[in-house]
Amino acid sequence: MDPDRDGPDLVTISVLVVDDQPLVRLAVRDILVDGGLLVVGEASDGRAAVRAAIETAPDVVLMDIRMPELDGIAATALIRANTDASADAPHRPRVLVLTTFEDDENVVAALRAGASGFIGKGAEPDEIVRAVRTVHQGEALLSSSATRALIARAVGRGGARRSERWEAALAPLTPREREVLELVAEGLTNQDIAARLTISPHTAKTHVNRIMTKVAASDRAQLVILAYESGLVTAGE
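A. Broad picture of unusual backbone geometry. Phi is positive for E69, close to 70 degrees, though the residue is something other than glycine. Structurally, the position occupied by E69 is in the loop between β3 (60-63) and α3 (72-82). The backbone of A216 sits at a positive phi, close to 60 degrees, despite the residue not being glycine. Along the chain, A216 turns up in the loop between α10 (201-215) and α11 (220-229).

See below:
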């Protein structure tokens, strides 16, 4: 049996595919369906993506960045805002950026807007399927080495003022929470953090959730951005 389909992944995961190229959408749809995922819709531009996300309520939106009408960064922010958990809209899809390049500023901007991670269009089919499953489970999909280099470059252009602003955001965190945040920035899962700190996975998850609440982050990916922009973590560590 395919281990990727065991346990929680037996639950059907619905996906909205967003890309301005029809052939890319078709190829991605086939990859996802072959991987046991349910494609509930497609969109060719950002505005259509926002409408489709509200109408189809997908678990994950696979989002291109450069598109007409509205780019993937703005669309991500709107989708995360318009589908925020509430009495009227209890569902909040996660966004996975699908890109042909690792454009530093655009990818980091997408993460700030609420994307849970990014993956290249040149990735193998099984990698794309695993990526969707990963973000659906609430983990940030951020390749450790790629993300460190990418965020470090983007943050380096931000200057000290940005770092000072984010350092203030870290003020409410306890020493243990800062330690956990560093591990999140390394790309560790709750299970990994628990093993590293010799605590239970439940305790690790509690720490991560408290950190997100204190710094007003909606996603683990935003915690990674925070860790780098505040200077808590630097490239090469």
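B. Broad picture of the side chain of Q222. By the secondary structure assignment, Q222 is in helix α11. If sequence neighbours within four positions are ignored, Q222 has contacts with L111, R112, A113, G114, A216 and A217.

C. Main features of the side chain of D19. Relative to the helices and strands, D19 is located in the loop between β1 (14-18) and α1 (22-34). Here K121 takes part through its side chain, which lies 2.6 Å from a polar atom of the side chain of D19. Those residues in contact with D19 that lie beyond four places of it in its chain are V24, R25, A43, S44, D64, M67 and K121.

D. View of α3. Every buried residue of α3 is accounted for by G72, I73, A75, T76, I79 and R80. Around the axis of α3, the buried residues are gathered within 160 degrees of arc, so they sit on the same side. For α3, the capping residue at the N-terminal end is D71, with a side-chain oxygen 3.0 Å from the backbone nitrogen of I73.

E. How the structure looks around the environment of G36. Position of G36 among the secondary structure elements: in the loop between α1 and β2 (38-43). Sequence-wise, G36 and S14 are 22 residues apart; in three dimensions their C-alpha atoms are separated by 9.9 Å.

Conventions we followed
Residues numbered from 1 in each chain as written. Predicted model: local features only at pLDDT ≥ 70, side-chain atom pairs only at ≥ 80, totals over all residues. Heavy atoms only, no water. Helix = DSSP H or I, 4+ residues; strand = E, 2+ residues; numbered from the N terminus. Contact = heavy atoms within 4.5 Å. Polar contact = N/O pair within 3.5 Å; in protein donor to acceptor, adjacent residues only side chain to side chain. Buried < 20%, exposed > 50% of the residue type's maximum accessible area, 1.4 Å probe, protein only. Arc of directions from axis to C-beta.

Keep in mind these values describe shape, not function.
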